[in-house]
Amino acid sequence: MKTLDFMGQRKIAILFSVILLAVSIGSLATKQLNWGLDFTGGTLVEVNYSETADLNAVRGTLETEGFAGAIVVSFGTDRDVLIRLPKGYSDQQGAQLLDTLQQAYEGTVELRRIEFVGPQVGDELREQGGLAMLLALGLVMIYIAFRFQFKFAVGAVVALIHDVLVVLGFFSVTGMEFDLTVLAALLAVIGYSLNDTIVVSDRIRENFRKLRKVDPVEVINISLSETLGRTLVTSLTTMLVLVALALFGGEMINAFAIALLVGVFIGTYSSIYVAANALLLMGVNKEDLMIPVKEGAEQEEIIP
Amino acid sequence: MLNKYPLWKYLLVLTVLALGFFYAAPNLYKPDPALQITGENSSQVIDAVMLARAEKALDEAGIEYFGEEIDADGRNALIRLRDAEVQLQAQSRVARALGDGFIIALNLAPTTPDWLSDFGAQPVKLGLDLRGGVHFKLEVDVESAIDRRMEYYFNATKRALREARIRGYVNMDDQGRVETKFKSEALREQARDLIAENHPELMLDRVDEADSWNLYAAMTDATRSEIAEYAVSQNLTTLRNRVNELGVSEPLVQRQGQNRIVVELAGIQDTAEAKRILGKVANLEFRMVAKLEAAPSEKQRFEYRSPDRAGMSESLERDLILTGERVSNAQASFDQNGRPNVQISLDSEGGMLMSRATRDNVGRRMGVLFIERKFRTRYEKQEDGTEVVIKVPYDEKKLLTAPVIQSALGAQFQITGLDSPMESSELALMLRAGALAAPISFVEERTVGPSLGAENIRLGVKSVQIGLALVVIFMVLYYRVFGIAAVVALSCNLVLMLAFMSLIGATLTLPGIAGIVLTVGMAVDANVLIFSRIREELGNGLSPQMAIHSGFERAVSTILDANITTLIVAVILYAVGTGPIKGFAVTLSVGIVTSMFTAIVGTRALINLIYGGRRVQSLSIGGGH
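Residues numbered from 1 in each chain as written. Chains lettered and ligands numbered in written order. Predicted model: local features only at pLDDT ≥ 70, side-chain atom pairs only at ≥ 80, totals over all residues. Heavy atoms only, no water.

- Chain B is annotated in an unreviewed UniProt entry as Protein translocase subunit SecD of Pseudohalioglobus lutimaris.
- Under Function (unreviewed entry), UniProt gives the following word-for-word description of chain B: "Part of the Sec protein translocase complex. Interacts with the SecYEG preprotein conducting channel. SecDF uses the proton motive force (PMF) to complete protein translocation after the ATP-dependent function of SecA." (UniProt positions renumbered as here; feature names shortened; annotations may be inferred.)

- In the nomenclature of an unreviewed UniProt entry, chain A is known as Protein-export membrane protein SecF of Pseudohalioglobus lutimaris.
- Recorded in UniProt under Subcellular location (unreviewed entry), the annotation for chain A is "Cell membrane".
- Chain A has a UniProt comment under Subunit (unreviewed entry) that states "Forms a complex with SecD. Part of the essential Sec protein translocation apparatus which comprises SecA, SecYEG and auxiliary proteins SecDF-YajC and YidC."

## A word on the UniProt feature "domain: Protein export membrane protein SecD/SecF C-terminal" (unreviewed entry) in chain A
Consideration 1: Those places that UniProt annotates as "domain: Protein export membrane protein SecD/SecF C-terminal" (unreviewed entry) correspond, in this numbering, to residues 103-283 of chain A.
Consideration 2: Along residues 103-283 of chain A, the helical share is 82% and the strand share 6%, with 71 Å between the first and last C-alpha atoms. (Helix = DSSP H or I, 4+ residues; strand = E, 2+ residues; numbered from the N terminus.)

## Overview of the interface of chain B and chain A
Quite often, the size of an interface is put as the accessible area lost when its parts meet.
Consideration 1: In this complex, chain B contributes 63 residues to the contact, which on the side of chain A involves 65 residues.
Consideration 2: Summed over both sides, the interface between chain B and chain A buries roughly 5500 Å², with carbon and sulfur atoms accounting for 66% of that surface.
Consideration 3: One salt bridge in this structure joins Arg-554 of chain B and Glu-206 of chain A, with 2.5 Å as the shortest N-O distance.
Consideration 4: Taken together, chain B and chain A are joined by 13 residue pairs in polar contact (both at pLDDT 80 or more).
Consideration 5: When contributions to the side of chain B that touches chain A are tallied by element, the ones reaching two or more residues are strand E6 (133-140), helix H9 (271-279), strand E21 (440-448), helix H12 (450-504), helix H13 (510-539), helix H14 (544-576) and helix H15 (579-611) of chain B.
Consideration 6: Top element by residues in the side of chain B that touches chain A is H12 of chain B. It accounts for 16 residues.
Consideration 7: Within the side of chain B that touches chain A, the residues separate by chemical class into 33 nonpolar, 16 polar and 14 charged.
Consideration 8: In terms of strand pairing, strand E5 (residues 109-117) of chain A meets E21 of chain B through five bridges, oriented antiparallel. Residue pairing for E21 of chain B: Phe-116 of chain A is matched across the bridge by Glu-445 of chain B. (Contact = heavy atoms within 4.5 Å. Buried area = accessible area lost by both parts, 1.4 Å probe. Salt bridge = Lys/Arg side-chain N within 4 Å of Asp/Glu carboxyl O. Polar contact = N/O pair within 3.5 Å; in protein donor to acceptor, adjacent residues only side chain to side chain. Nonpolar A, V, L, I, M, F, W, Y, C, P; charged D, E, K, R; others polar. Pairing = 2+ DSSP bridges.)

## Here's the deal with the UniProt feature "transmembrane region" (unreviewed entry) in chain B
Residues and elements named next belong to chain B.
Consideration 1: In the numbering adopted here, UniProt assigns the feature "transmembrane region" (unreviewed entry) to residues 459-479, 486-506, 555-577 and 583-607.
Consideration 2: Between the first and last C-alpha atoms of residues 555-577 the distance is 32 Å; the span itself is 96% helix and 0% strand.
Consideration 3: Between the end C-alpha atoms of residues 583-607 there is a gap of 34 Å, over a span that is 100% helix and 0% strand.

## Thoughts on the sheet that holds strand E11 (residues 252-256) of chain B
Consideration 1: Sheet architecture is open: eight strands sit in the order E3(A)-E4(A)-E2(A)-E5(A)-E21(B)-E6(B)-E12(B)-E11(B), paired in antiparallel fashion. Either end of the sheet is taken by a strand with one partner, and the two such strands are strand E3 (71-75) of chain A together with E11 of chain B. The mean angle between the axes of side-by-side strands here comes to 20°, regardless of whether they run parallel or antiparallel.
Consideration 2: Sheet topology places E11 of chain B next to strand E12 (residues 260-266) of chain B; five bridges connect them, and they run antiparallel. Along E12 of chain B, the bridge assignment pairs Arg-255 of chain B with Ile-261 of chain B. (Axes fitted to C-alpha atoms, helices over the stretch in contact; angles between N-to-C directions.)

If you want it as structure tokens, here you go:
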């Protein structure tokens with residue numbers, strides 16, 4: 001098999017990643033995320049009009065009936081309307097809003113869903129989400145340090161943080177709504193990207209043990225070339241189903257599918273360039289991966 | 001010989017698959033739309049006459065039904081309908097025919113054949129986002145329950161000191177502790193002994209000031225969490241009782257975390273009504289039994305609630321002593337002689353009201369009323385000929401008990417003279433159900449209309465199908481015969497996932513379906529890993545049989561590492577996440593486990609069957625081999 005010189009481009013890759021991260025962090029710092037209802041609290045009502053809905057009329061009705069600050073947008077089709085009330089409305093008002101709309105309209109207004117989230121739940125959720133993410137990263141790091149070696153654990157986690165930040169940055173830059181399903185997608189991205197990184201790391205470890213006379217850059221190049229086929233095929237199959245989900249899964253699942261698409265794409269890139277790059281920057285060498293002779297020998301290696 | 005499985009391995013794969021198909025099978029049978037009829041209270045029995053009345057109402061409306069049945073203990077009746085469209089119409093018809101006192105719930109009756117359900121095979125449960133309904137999250141105000149208890153300690157301390165003639169100053173400080181100040185150290189020690197004896201659960205701290213000796217009584221953390229625990233479980237019980245009033249099939253009332261309660265009601269649209277019933281408070285009243293000579297305008301007659309005393313009644317005064325809000329606890333217990341009683345605790349204000357009312361009335365009787373909100377249904381014809389259903393709420397007040405007042409009562413007293421421990425525990429339960437242990441508030445509400453639910457299922461299934469089709473096409477083109485093996489394994493994986501989820505009673509939600517779609521994409525990864533290993537080994541010049549063998553062998557450890565780490569993430573998602581995240585985590589974890597089996601063992605079995613144990617010149621695995 002032909003060995004591709006992946007690591008020859010590592011400087012460009014670092015630059016690319018740094019730019020991506022800078023844009024993401026910059027946007028997160030200035031624009032932040034467009035938090036969805038799950039996180040901000042508030043009320044959301046989705047209704048289906050029997051004929052094409054006149055959004056301006058709906059806005060007018062709500063304005064005069066005392067639902068100030070309501071955001072009215074069409075959702076999927078021109079008959080489906082999504083109305084979002086800001087925080088401060090009580091849990092009673094979703095049902096009232098539905099009555100108001102029905103009275104102002106001759107056809108039928110069918111309820112699709114009402115969601116009310118109290119402010120205390122939202123804050124908690126954000127905390128919980130962050131905690132889940134840190135916990136996931138921490139445990140994964142321990143597992144990899146145990147199964148592989150500490151440098152690989154750092155490499156994998158750096159790649160994961162990279163992916164998470166880029167996906168968050170994508171949501172911040174595009175202003176897409178960040179709701180609970182996107183959080184789930186983000187955690188799934190951690191799982192997926194990890195899967196990828198481990199497959200690559202596994203091969204790097206194997207080749208370090210097998211090719212004793214070859215220098216680290218070359219070992220990593222060989223490993224990446226060998227796993228490239230698999231990496232691309234898996235990314236492709238996963239992306240195929242995600243595209244199906246994004247196109248046909250309906251509005252409620254759309255943001256989830258897009259978050260995963262971005263995540264899988266960037267996860268594929270990061271397992272090639274970020275994780276391997278981090279390994280090289282930490283000066284990984286074959287001594288790190290020699291099969292330990294005694295129990296004690298490995299202990300020393302795990303501690304940095 | 002290379003690449004031949006021993007017979008038991010083939011049998012294992014076949015057995016797992018057979019079990020998978022068996023337990024996934026109930027999902028093929030579409031449930032029937034149905035009406036479920038239950039009595040409003042537990043003593044109500046549904047008999048054939050009532051069922052016949054319901055059937056007659058359906059006949060008259062021209063609604064087709066079948067498979068009507070009454071279950072063994074006569075508590076439930078089920079009528080299946082041919083058409084889901086008329087379910088609501090049928091419900092109102094039957095409700096009208098049977099009159100008040102019955103709950104007619106919309107239901108989806110499973111049609112699982114007996115040969116499946118006899119072995120515990122059931123269709124997978126659908127989440128609210130797939131079948132429509134309301135999801136509430138309620139928060140129990142634990143702090144207020146704790147405050148109430150502290151207030152009780154404050155009053156009890158004040159009284160105890162007064163009765164023991166220990167002079168001092170008693171106060172609630174801003175940290176929620178009972179602060180007592182004394183003029184001498186001796187007084188403080190007396191007080192300390194007294195409080196420690198009365199309330200050993202309190203934590204007592206001495207603090208000396210210039211001219212006063214202080215004592216601070218605070219609750220231990222253990223007591224606090226005990227009160228919180230009690231408040232939440234009390235609310236759970238009360239909510240369960242109330243949810244039953246709503247007439248929903250399989251309602252879910254579940255505790256979540258420290259102080260939250262999740263209520264899920266499938267098929268309910270009228271959330272205002274549901275919330276009113278769930279959130280109602282104060283439905284106990286304590287009143288004096290009226291004197292015989294009292295004027296008729298001052299008294300009111302109430303019937304007993306218990307069926308044992310059906311028809312008996314008492315006249316109570318119109319003035320009430322206090323309501324259920326003041327009851328902080330009621331427990332069934334025994335007195336010194338081993339006779340059953342119920343111990344009631346009131347809060348401080350309740351104690352005051354009670355002692356004021358009973359001081360001069362020793363020897364008279366006091367009645368305890370239980371109040372339930374019920375509905376009378378009226379049908380009104382409108383001008384345009386359509387009929388509207390009007391539900392008129394009314395409070396049904398019935399007498400629980402009317403014991404004799406033996407002495408002046410305070411914040412804590414007993415009801416004695418009960419016949420059996422069963423009676424005392426039932427009375428305690430009713431008293432507790434009448435009072436909420438701590439206020440609750442709605443912190444989250446999600447309503448999904450039935451049309452959106454149906455659409456979510458349709459879209460979910462469609463995207464699984466399309467996703468699967470795309471992967472199938474790609475795999476077969478790219479890996480040829482091996483691709484076919486992988487696709488068969490993938491399909492089996494879907495069946496196993498469904499079977500497993502049905503078997504453990506997991507709930508399928510929209511994010512759950514997304515999890516399945518994602519698993520389809522990721523499950524082939526294991527096969528891709530193995531196949532690219534085999535291709536590599538062929539490229540290294542290994543014989544086809546050797547390549548298959550070493551491809552599988554060497555890929556397994558990679559697959560294990562990759563999947564275990566993903567599983568770690570999925571488990572964390574499940575543990576930390578709520579609602580939609582949990583649904584996603586469940587399918588993801590199940591998918592990881594089943595896909596490892598089908599991709600490693602299942603595909604291997606197929607490949608072994610195709611290529612194993614014979615001379616093979618080349619493998620149909622694509623990539624120029």
